Amino acid sequence: MGSNEPGSAAGLELRRGCGGYLLDVPSGRVDVHRFRRLFDQARAADRTDAERVLMLREALGLWRGEPLAGLAGAWVERTRHSWGQQRIEAVPAWSEAELRVGKPNGVIGMLDGLVAEHPLVEPLTVALMRALHAAGRSPEALACFADLQKRLVE
């Protein structure tokens with residue numbers, strides 16, 4: 001079935017080969033590729049903080065549930081971990097951009113959840129501490145620091 005045949009979705013092509021079938025999808029229709037493109041664009045030096053915020057919000061908004069849910073195997077686990085690391089790398093960048101445009105409260109919820117999920121990932125805790133401090137919640141920021149220090153010692 002080609003992309004111009006009845007029953008095919010625009011821009012998609014299903015090809016048959018000796019090893020089975022291949023679904024050829026434009027990269028702009030694959031969330032992980034869109035995420036990477038937006039993240040790379042947001043890191044460009046010529047971007048304003050407002051542009052970074054919008055791009056990173058869109059990129060992080062593509063994360064819905066567990067990547068490759070329902071699949072198992074070594075490749076799936078490595079890929080899922082790699083993609084998760086990319087998300088973790090993007091979150092502090094997004095948080096910093098939000099802080100620079102004066103919106104610390106908008107990042108605290110996501111950061112709090114991610115710190116709970118990844119308690120030893122220092123950049124997440126640092127981002128949460130900065131957001132709490134910027135939101136006028138310095139005692140909570142200090143408590144985050146103490147919690148991280150305790151976890152690292154343990």
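Residues numbered from 1 in each chain as written. Predicted model: local features only at pLDDT ≥ 70, side-chain atom pairs only at ≥ 80, totals over all residues. Heavy atoms only, no water.

As for the pattern of salt bridges
As a working rule, side chains carrying opposite charge can pair if their charged atoms are close by. Tallied over the full model, the rule gives 13 salt bridges. Arg15 is the partner of Asp24 in a salt bridge, and the nearest nitrogen-oxygen pair spans 3.5 Å. Accessibility expressed as a relative area gives 37% for Arg15, which makes it partly exposed. Here Arg43 ties to Asp40 by a salt bridge, and the two come within 2.8 Å at their closest N and O atoms. (Salt bridge = Lys/Arg side-chain N within 4 Å of Asp/Glu carboxyl O. Buried < 20%, exposed > 50% of the residue type's maximum accessible area, 1.4 Å probe, protein only.)

Some thoughts on helix α5 (residues 122–134)
With 13 residues, α5 extends 18 Å from end C-alpha to end C-alpha; this agrees with the ideal 18 Å at 1.5 Å per step. For α5, the set of buried residues is Leu124, Thr125, Ala127, Leu128, Met129, Ala131 and Leu132. The first or second residue beyond α5 is Gly136, which carries a positive phi of 80 degrees. (Helix = DSSP H or I, 4+ residues; strand = E, 2+ residues; numbered from the N terminus. Expected span 1.5 Å × (residues − 1).)

Let's talk about a nonpolar patch on the surface
A surface patch of nonpolar side chains, amounting to about 330 Å² of accessible area, comprises Leu14, Tyr21 and Leu23. Relative to the helices and strands, Leu23 is located in strand β2 (residues 20–24). (Patch = residues over 30% accessible without salt bridge, like charges linked within 9 Å, V, L, I, M, F, W, Y side chains within 5 Å. Areas by Shrake-Rupley, 256 points an atom, 1.4 Å probe, with all protein chains shown as cover.)

Some points on the packing of helix α1 (residues 31–42) against helix α2 (residues 49–61)
Between α1 and α2, whose axes approach to 9 Å, the crossing angle comes to 160 degrees. In terms of orientation, α1 and α2 fall into the roughly antiparallel class. Here α1 runs over α2; the crossing is left-handed. Between α1, through Arg34, Phe35, Leu38, Phe39, Gln41 and Ala42, and α2, the contact on the second element is made entirely by Arg52, Met55, Leu56, Glu58, Ala59 and Leu60. (Axes fitted to C-alpha atoms, helices over the stretch in contact; angles between N-to-C directions. Parallel < 35°, antiparallel > 145°, perpendicular 65-115°, else oblique. Left-handed = near helix turned anticlockwise from the far one by under 90°. Contact = heavy atoms within 4.5 Å.)

A few points about the pairing of β2
Note that strand β1 (residues 13–17) and β2 share five bridges and pair antiparallel. Counted as the bridge partner of Arg15 is Leu22 from β2. With antiparallel pairing between neighbouring strands as the criterion, β1 and β2 make up a hairpin whose turn holds two residues. (Pairing = 2+ DSSP bridges.)

Remarks on the side chain of Ser95
Relative to the elements of secondary structure, Ser95 occurs in helix α3 (residues 74–100). Excluding residues within four positions of it along the chain, Ser95 makes contact with Val107, Leu111 and Ala127.

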